[in-house]
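# Examination of the molecular architecture
What follows is each chain in one-letter form.
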Amino acid sequence: MEIVKASVTLAKSYCDAVDEVAREGKWLSVNKGFPLAESISFMKHCAATDSVQLFLVNGETVDGWCDIIPAGLWRTGSLGIGIRQKCRGKGYGARLLDSALAAAQKRFSRVILYVREDNMRAVALYLSRGFEVKKRYGKGRYRSVSEPVLMMVKKLKKKD
């Protein structure tokens, strides 16, 4: 497994990974992946806005992703991450998150994310990387997610 910058050549596999994680119905705020054309457009937007978008790959297969995109607030990035079920619990999510946060230091002063409160493994990872819980949304209060959701924030040190 290696971590690489996103590439349109991996777009189909990226779509498959997002769809697989989304269809679990537990980790993302959507329950199915996005069309290939929409995913390619998102990837191009990430490149054009100097966002962070990394893939965890095994050969030509995307087994995870992490992106940090502008969140509309001054130098704030919004983090999205997902790992295929077969790759969880092996440290790949931590490696992917660490790589994305390191890359984000040049672009963002803070990173925000939203995570289901019952996703204890992810919450523990984020806390171990310096994220703090800033807000708790009750059931159905964040994008119609049926479980409580935490907004977590991490301040980054600028890296030249």
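Residues numbered from 1 in each chain as written. Predicted model: local features only at pLDDT ≥ 70, side-chain atom pairs only at ≥ 80, totals over all residues. Heavy atoms only, no water.

## Considerations on the pattern of salt bridges
One pass over the full model with this rule turns up 10 salt bridges. One salt bridge connects Asp118 with Arg116, and the closest N-O pair in it is separated by 2.9 Å. A residue is classified by how much of its surface remains accessible, and Arg116, at 14% relative accessible area, is buried. Through salt bridges with shared partners, one network takes in Glu20, Asp63, Arg84 and Lys86. (Salt bridge = Lys/Arg side-chain N within 4 Å of Asp/Glu carboxyl O. Buried < 20%, exposed > 50% of the residue type's maximum accessible area, 1.4 Å probe, protein only.)

## Section: the packing of helix α1 (residues 11–23) against helix α2 (residues 36–48)
Contact pair α1 / α2: the axes reach a minimum separation of 9 Å and the direction vectors enclose 105°. Between α1 and α2, the crossing angle belongs to the class labelled roughly perpendicular. Contact residues: Ala11, Lys12, Tyr14 and Cys15 in α1; Leu36, Ser39, Ile40, Phe42 and Met43 in α2. Per-class residue counts for the contact of α1 with α2 are seven nonpolar, one polar and one charged. (Axes fitted to C-alpha atoms, helices over the stretch in contact; angles between N-to-C directions. Helix = DSSP H or I, 4+ residues; strand = E, 2+ residues; numbered from the N terminus. Parallel < 35°, antiparallel > 145°, perpendicular 65-115°, else oblique. Contact = heavy atoms within 4.5 Å. Nonpolar A, V, L, I, M, F, W, Y, C, P; charged D, E, K, R; others polar.)

## Focus: unusual backbone geometry
Residues other than glycine seldom take positive phi values, yet Asp50 does so here, at roughly 55°. Along the chain, Asp50 turns up in the loop between α2 and β2 (52–58).

## Thoughts on the sheet that holds strand β1 (residues 2–5)
Across the sheet, which stays open at both edges, the seven strands sit in the order β1-β2-β3-β4-β5-β7-β6 with mixed pairing between neighbours. At either margin of the open sheet sits one strand with a lone partner, and together these are β1 and β6 (132–137). Taking the axes of each pair of neighbouring strands and ignoring which way they run, one obtains an average angle of 25° across the sheet. Pairing of β2 with strand β3 (residues 61–70), which is carried by seven bridges, proceeds in the antiparallel orientation. Each residue of the ladder has a partner; that of Leu56, found in β3, is Gly64. Contacting β2 and β3, α2 crosses the sheet at an angle of about 125° to β2. Each of β4 (76–83), β5 (110–116) and β7 (149–155) touches helix α4 (residues 120–128); the most contacted strand, β5, lies at about 160° to it. (Pairing = 2+ DSSP bridges.)

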